[in-house]
Amino acid sequence: MSQAQGEIYDLGYQHYDGPRGGRMQAVRSLWVNSFRTTVGLGRGARAKILPVLMSLVVIAPPAVFLVLAAVVGSGKLSHADFYEATSILLLLFAAIIAPELLIPDRRNGVTTLYLVRPLTAFDYVAARWSAFLTVALLVTLFGQVLVLIGNSLAAEQAREFLQENWIDIPRFILAGVIITAFVTTIPMAVAAFTERRAYAAAFVIAVFVITTPMSGLLTTEWCERSVTFAVESGEIVEEAGPEECRRITGDYAKWFVLLDVGRAPTHISDMVFEDDTPDDASILVAELPPAVPIAWYGLLVIGPGALLLWRYWSMKI
């Protein structure tokens with residue numbers, strides 16, 4: 001019978017005497033980690049495909065317009081129209097990427113390690129949320145800067161154009177914050193209540209895909225024209241009356257247009273830019289008091305944001 005053998009190593013023990021950053025340093029570190037996760041830094045090539053693709057899709061139209069403005073020197077692209085076209089792209093990007101910031105931490109049991117002092121649940125949520133907001137805002141504002149430069153080059157006098165339209169700069173910054181706050185909050189709130197990233201992305205996309213045609217169906221306009229027939233000289237003569245158009249839901253159509261959840265931030269964007277070429281949905285929203293679409297937008301952002309914070313605040317450590 002062999003005797004068991006063992007060795008004891010006295011490695012010693014020392015207290016950590018390095019720098020201690022405290023709460024704000026922890027928040028900054030988490031923000032940097034979230035920023036890198038959003039853009040795919042420090043991860044594989046597949047993690048970088050979607051952020052790069054989204055950036056190219058958002059930036060490509062104003063970049064092409066900028067080149068055409070520099071070469072041809074004609075045309076103008078509206079800042080409000082740019083947000084109309086890119087808001088849905090930002091939403092798709094957020095629906096797929098935002099869950100990546102929350103779900104893996106919970107699935108791997110890392111969240112409980114984060115939610116200890118000095119880092120609080122509010123710090124965790126704020127760092128994750130603001131990092132994603134920053135990435136989305138940088139992409140949208142960069143596109144708007146290209147639009148501004150292109151419009152300046154297309155104008156006869158670039159300097160005079162900037163002097164007359166400088167107010168567009170704070171407007172597209174404000175509208176950019178409004179849109180990116182919307183597309184950031186809802187997907188992250190959904191991701192807080194599921195353990196599957198695919199489920200979170202599918203739910204967010206489904207909500208916006210379903211509400212758009214639903215709103216369109218309830219607010220569609222149909223027209224009819226009365227026709228009268230008369231007999232003149234033994235022949236039947238057809239005479240068309242005036243065309244009458246009406247909404248399917250009548251006066252309630254201006255309320256049903258708000259069911260299109262994806263358009264909530266662009267309605268506020270149109271108000272910021274004082275867009276004088278609105279589409280059919282914007283015309284209906286304009287019939288409502290301005291406080292109504294603003295309150296609806298606030299509900300869609302503050303409500304999910306409160307649920308997101310409550311979800312992490314109620315976690316047991």
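On a predicted model such as this, the values are computed, not experimentally measured, just so you know.

1. Let's talk about the overall build of the protein chain
Then comes step 1: Of the regular secondary structure elements, the protein chain holds 13 helices and 2 strands.
Then comes step 2: When each of the 317 residues of the protein chain is scored for burial, the buried share is 40%.
Then comes step 3: Within the protein chain, counting contacts between residues at least 6 apart in sequence, those at least 24 apart form 78% of the total.

2. Brief notes about the packing of aromatic side chains
Then comes step 1: Applying the stated criterion to the full structure yields 8 aromatic pairs.
Then comes step 2: Taking 5.5 Å as the distance between ring centres and 20° as the angle between the ring planes, the aromatic pair formed by Phe93 and Phe132 counts as stacked. In this pair, Phe93 sits in helix α3 (residues 79-97) while Phe132 sits in helix α6 (residues 121-154), placing the two residues 39 residues apart along the sequence. With respect to class, Phe93 is no different from Phe132; both count as buried.
Then comes step 3: Taking NZ or CZ as reference, Arg311 lies 5.7 Å from the ring centre of Phe193, over its face.

3. Description of the confidence of the model for the protein chain
Then comes step 1: Residues at a pLDDT of 70 or more form 83% of the protein chain, whose mean pLDDT is 81.
Then comes step 2: Mean pLDDT in the protein chain bottoms out at strand β1 (residues 221-232), which sits at 61, and peaks at helix α13 (residues 291-313), which reaches 93.

4. Brief notes about the environment of Tyr114
Then comes step 1: Tracing the backbone through its elements, the reader meets Tyr114 in helix α5 (residues 111-114).
Then comes step 2: Owing to a relative accessible area of 24%, Tyr114 belongs among the partly exposed residues under this scheme.
Then comes step 3: Tyr114 sits 88 residues away from Ala26 along the chain, and the two C-alpha atoms are 9.2 Å apart.
Then comes step 4: What Tyr114 contacts, discounting residues up to four positions off in sequence, is Leu30, Asp105, Leu119, Tyr124 and Arg128.

5. Topic: helix α1 (residues 22-39)
Then comes step 1: The terminal C-alpha atoms of α1, which comprises 18 residues, lie 27 Å apart, in line with the 26 Å expected from a rise of 1.5 Å per residue.
Then comes step 2: Every buried residue of α1 is accounted for by Val27, Leu30, Ser34, Thr37 and Thr38. Looking straight down α1, one finds its buried side chains confined to an arc of 95°; they lie on one side.
Then comes step 3: Note on α1: the residue one or two positions beyond its end, Gly40, has a positive phi of about 85°.

6. Looking at a nonpolar patch on the surface
Then comes step 1: A cluster of nonpolar residues, Val145, Ile149 and Leu153, forms a patch on the protein surface that exposes about 220 Å² of accessible area.
Then comes step 2: Checked against the element boundaries, Val145 lands in helix α6.
Then comes step 3: On the accessibility criterion, Val145 (35% relative accessible area) is partly exposed.

7. Examining the side chain of Ser34
Then comes step 1: Relative to the helices and strands, Ser34 is located in helix α1.
Then comes step 2: When neighbours within four sequence positions are excluded, Ser34 is seen to be in contact with Leu101, Ala127, Arg128 and Ala131.

8. Here we look at the pattern of salt bridges
Then comes step 1: According to the stated counting rule, one finds 6 salt bridges in the structure shown.
Then comes step 2: The partner of Arg197 in a salt bridge is Glu100, with the nearest N and O atoms 2.4 Å apart. With Arg197 in helix α9 (residues 197-219) and Glu100 in helix α4 (residues 99-107), this pair connects stretches of sequence that are 97 residues apart.
Then comes step 3: The class of Arg197 is partly exposed, set by a relative accessible area of 32%.

9. Details of the side chain of Thr194
Then comes step 1: Along the chain, Thr194 falls in the loop between α8 (168-191) and α9.
Then comes step 2: Classification of Thr194 by relative accessible area gives buried; the value is 15%.
Then comes step 3: At 3.3 Å, the side chain of Thr194 and the backbone nitrogen of Arg196 are in polar contact.
Then comes step 4: Apart from residues lying up to four places away in sequence, Thr194 is in contact with Ile103, Arg106, Tyr199 and Ala200.

10. Comments concerning the packing of α3 against α9
Then comes step 1: Orientation of α3 relative to α9, taken along the N-to-C sense of each, is 155°, at an axis distance of 8 Å. Between α3 and α9, the crossing angle belongs to the class labelled roughly antiparallel. Here α3 runs over α9; the crossing is right-handed. Taken together, the residues of α9 that come into contact with α3 (itself represented by Leu91, Leu92, Ala95 and Ile96) are Ala201, Val204, Ile205 and Phe208.
Then comes step 2: Residue composition of the contact of α3 with α9, by class: 8 nonpolar, no polar and no charged.

11. Some words on the nonpolar core
Then comes step 1: Residues Tyr83, Phe182, Leu308 and Tyr312 are the most contacted members of the largest nonpolar core, which totals 58 residues.
Then comes step 2: Other than its neighbours up to four places away in sequence, Phe182 contacts Pro187, Phe208, Val261, Ala264, Pro265, Tyr297, Leu300 and Val301.

Parameters and conventions
- Along each chain, residues carry numbers from 1 onward, in the same order as the chain's sequence is written.
- It should be noted that, the model being predicted, local features are given only for residues of pLDDT at least 70 and side-chain atom pairs only at 80 or more, the latter also being counted only at that level, while totals for whole chains, interfaces and linings use all residues.
- Derived side-chain values reflect all non-hydrogen atoms in the structure, with water molecules and hydrogen atoms excluded from consideration.
- Counting from the N terminus, the helices are the DSSP runs of H or I reaching at least four residues and the strands are the DSSP runs of E reaching at least two.
- Type-normalised accessible area, obtained with a 1.4 Å probe on protein chains alone, sets the label of each residue: buried when under 20%, exposed when over 50%, and partly exposed for intermediate values.
- The contact criterion used throughout is that any non-hydrogen atoms of two residues lie within 4.5 Å.
- In this analysis, rings of Phe, Tyr and Trp, with Trp reduced to its six-membered ring, are considered paired at centre separations within 6.5 Å, and the interplanar angle assigns stacked below 30 degrees, edge-to-face beyond 60, and tilted for intermediate values.
- Cation placement over rings: the criterion is NZ of Lys or CZ of Arg within 6 Å of the ring centroid and within 35° of the ring normal.
- pLDDT runs from 0 to 100 and stands for how confident the predictor is about each residue.
- A helix is expected to span 1.5 Å for every residue after the first.
- It is the directions from the helix axis to the C-beta atoms that the arc portrays.
- Patch members must show over 30% relative accessible area and no salt bridge, and they are joined within 9 Å when carrying like charges or within 5 Å when they are nonpolar side chains of Val, Leu, Ile, Met, Phe, Trp or Tyr.
- Calculation of accessible area relied on Shrake-Rupley with a 1.4 Å probe; when residues are assessed, cover is drawn exclusively from the protein chains displayed.
- Criterion for a salt bridge: a side-chain nitrogen of Lys or Arg within 4 Å of a carboxyl oxygen of Asp or Glu.
- For this analysis, a polar contact is any N or O atom pair within 3.5 Å, provided that within protein one partner can donate a hydrogen and the other can accept it, and provided that sequence-adjacent residues contribute only side-chain to side-chain pairs.
- Every axis corresponds to a line fitted to the C-alpha atoms, with the helix fit spanning only the stretch in contact, and the corresponding angles, defined between N-to-C directions, vary from 0 to 180 degrees.
- The cut-offs work like this: below 35 degrees is roughly parallel, past 145 is roughly antiparallel, 65 to 115 is roughly perpendicular, and the gaps in between are oblique.
- By definition, turning the near helix anticlockwise from the far helix through less than a right angle yields a left-handed crossing, and turning it clockwise yields a right-handed one.
- Amino acid classes used here: Ala, Val, Leu, Ile, Met, Phe, Trp, Tyr, Cys and Pro are nonpolar; Asp, Glu, Lys and Arg are charged; the rest, including Gly, are polar.
- By convention a nonpolar core is built from buried Ala, Val, Leu, Ile, Met, Phe, Trp, Tyr and Cys residues, the set being connected through side-chain atoms within 4.5 Å.

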